[in-house]
Amino acid sequence: MDKKIGYLGPCGTFSELAVRQYLARQPAGDVQMVALPSIYEVLAAVVRGEVTEAVVPLENSSEGAVNQTQDLLAHTFPDLRIKGEVILPVVHCLMAPSGVSLKTIERVLSHPHALAQCREFISRHLPGAQVVETASTAAAVHLVASTGAPWAAVGPVTAAREYGLEVLVEKINDCSGNATRFIVVGREDGRWAPDCKTTLIVSVAHRPGALHEVLGEFAERGINLTRIESRPSRRRLGEYLFFIDLVGHRHDKQVQEALEAVASRAELRVLGSYPADLSGPEYTADSVDKVQRPAGGIPSTSTVEAGFTGEAVSRSPVQWEEIERLREVIDEVDEQVVELLARRSALVARIGKLKAGFCPVRDPHRESRVLARVRRLAQLKGVDPAMVEKVYRLIIQHAVCLQREQQGGALAACTPPAGDF
């Protein structure tokens, strides 16, 4: 057996789906998935060497951080490292034994996070039902299936198939873009990749400006922070630990410099550097369409759309939800790109003012260096260098126009398209 991976069980949890998504990206090998009863036991199994790695939830887009995971990494298992992440779209379904309808449900069972993510649906459609928390979504499904009582469970559609329940309602989570970020934990952090994240735990001095000084070290070096969470330090009231995610690997020059500067100002622990999940989830719940719905139930939300070829293509709700989630991420990236272009244009205009009267717009050597540098960066990031060069030639032309405005049209009109970038 090459590897064992622990996760929060039993079978049928979103944690299991996250493990399968993680494994789909890894080289083929002999891997055993080990279901364990709690997040504590999952992480403890890594420490004891019973499993090689573990996949545990860290945060949800609707309900925020999974505090238990953060606290265990901070206080109980300080030697564990984050070596990867998986972002999984979380689509909850309401499921029950055959013959049970919405009107007859007496109890709704699930993990606390799942129940919280479906709070509005439960309040609106099951106002008289008792809400019962369980250790996992799969545990709730198993309990509902084994009792045969007029109870319902909230969880993934795959669990309904696993335990022989019928899906009463699909997609009951209150937020359509609901997703959970899982982390892969081991004894070493992850490999270097073109797009990496680093997760830190920082404890700052209890004085004005201490946190600002720490964050300033990253801002000064242009390092993007993607998450900041605070948790009690457990040492004294009012003292906190800050979990920080940043873009970059801890061995990257700028990140390394920032970490050294932070370590001189505060207590610092690096939980790991690892490849970021930029591609989005590869999990598709084709089982949504395979689950038999009860007679008279709510119609399936599967959609049929005509493709560019004219053929009808069936898409599950999870697939469409994932497409919309990725489009939202693209929109956010576009906003960042435009913001950076605006910042770049402002810098170019300032250079144009400084050049006015003594220095021509064109700097051919500078232009060549910029184009060579962006082509090299494109190769490192896995982007087509020729495409990036075309984009930058357009940016160069725009920069020339800006600097001509600063130096005066007559002086700059005789200069070929080039400029400072």
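As the structure is a prediction and not an experimental result, all values here were calculated from the model.

## Section: the overall build of the protein chain
- Across its full length, the protein chain holds 14 helices and 17 strands.
- Out of the 421 residues in the protein chain, the part that is buried amounts to 45%.
- Once local pairs closer than 6 in sequence are excluded, the contacts in the protein chain between residues at least 24 apart make up 76%.
- Of the roughly 21600 Å² of accessible surface on the protein chain, 53% is carried by carbon and sulfur atoms.

## Here's the deal with unusual backbone geometry
- Even without being a glycine, K171 presents a positive backbone phi close to 50°.
- Structurally, K171 is set in the loop between β10 (166-169) and β11 (179-186).
- Phi is positive for R234, close to 70°, though the residue is something other than glycine.
- Of note, R234 is situated in the loop between β13 (225-232) and β14 (240-247).

## Things to note about the packing of aromatic side chains
- Counted according to the given criterion, the structure contains 1 aromatic pair.
- Taking the centre distance of 5.4 Å and the plane angle of 50° together, the rings of Y40 and F77 count as tilted. Remark: F77 occurs in the loop between α3 (67-76) and β5 (81-89) and Y40 occurs in helix α2 (residues 39-47); sequence separation between them is 37 residues.
- For Y40, a relative accessible area of 37% corresponds to the partly exposed category.

## Remarks on the sheet that holds strand β15 (residues 267-275)
- Spatially, β13-β14-β12-β15 is the arrangement adopted by the 4 strands of the open sheet, whose pairing is antiparallel. Of all strands in the sheet, those bounded by a partner on one side alone are β13 and β15. The sheet shows a mean angle of 15° between the axes of neighbouring strands, taken without regard to direction.
- Relative to β14, strand β12 (residues 196-203) runs antiparallel, the two being bridged by 6 bridges. Of the residues in β14, the one forming a bridge with I201 is F243.
- Where helix α9 (residues 253-263) meets the sheet, its contacts fall on β12, β14 and β15, and the angle it forms with β15 comes to roughly 160°.

## Comments concerning the packing of helix α8 (residues 210-220) against α9
- Between α8 and α9, the least distance of the axes is 9 Å, while the angle of their chain directions is 165°. Classified by the angle between their axes, α8 and α9 sit roughly antiparallel to one another. Crossing geometry of α8 relative to α9 is assigned as right-handed. Note on element contacts: α9 touches α8 through A258, L259, A261 and V262, opposite V214, E217 and F218.
- Per-class residue counts for the contact of α8 with α9 are 6 nonpolar, no polar and 1 charged.

## What about the pairing of strand β3 (residues 53-60)?
- With 8 of 8 residues buried, β3 is to be regarded as a mostly interior element.
- As paired elements, strand β1 (residues 3-8) and β3 share 3 bridges and run parallel to each other. By the bridge assignment for β3, I5 is matched with E53.
- Bridge count for β3 against β11 is 6 bridges, and the pairing is antiparallel.

## As for the sheet that holds strand β8 (residues 130-133)
- Strand order in the open sheet formed by 5 strands is β8-β7-β9-β6-β10, with mixed pairing between adjacent strands. Pairing within the sheet leaves two strands with one partner each, and these edge strands are β8 and β10. Between one strand axis and the next, the sheet turns by 35° as a mean value, whatever way the strands run.
- When strand β7 (residues 107-110) meets strand β9 (residues 151-155), the two strands line up parallel, connected through 3 bridges. Among the inter-strand pairings, V108 is bridged to a residue of β9, identified as A152.

Thresholds, definitions, all that
- Residues numbered from 1 in each chain as written.
- Predicted model: local features only at pLDDT ≥ 70, side-chain atom pairs only at ≥ 80, totals over all residues.
- Heavy atoms only, no water.
- Helix = DSSP H or I, 4+ residues; strand = E, 2+ residues; numbered from the N terminus.
- Buried < 20%, exposed > 50% of the residue type's maximum accessible area, 1.4 Å probe, protein only.
- Contact = heavy atoms within 4.5 Å.
- Areas by Shrake-Rupley, 256 points an atom, 1.4 Å probe, with all protein chains shown as cover.
- Phe/Tyr/Trp six-rings, centres within 6.5 Å; stacked < 30°, edge-to-face > 60°.
- Pairing = 2+ DSSP bridges.
- Axes fitted to C-alpha atoms, helices over the stretch in contact; angles between N-to-C directions.
- Parallel < 35°, antiparallel > 145°, perpendicular 65-115°, else oblique.
- Left-handed = near helix turned anticlockwise from the far one by under 90°.
- Nonpolar A, V, L, I, M, F, W, Y, C, P; charged D, E, K, R; others polar.

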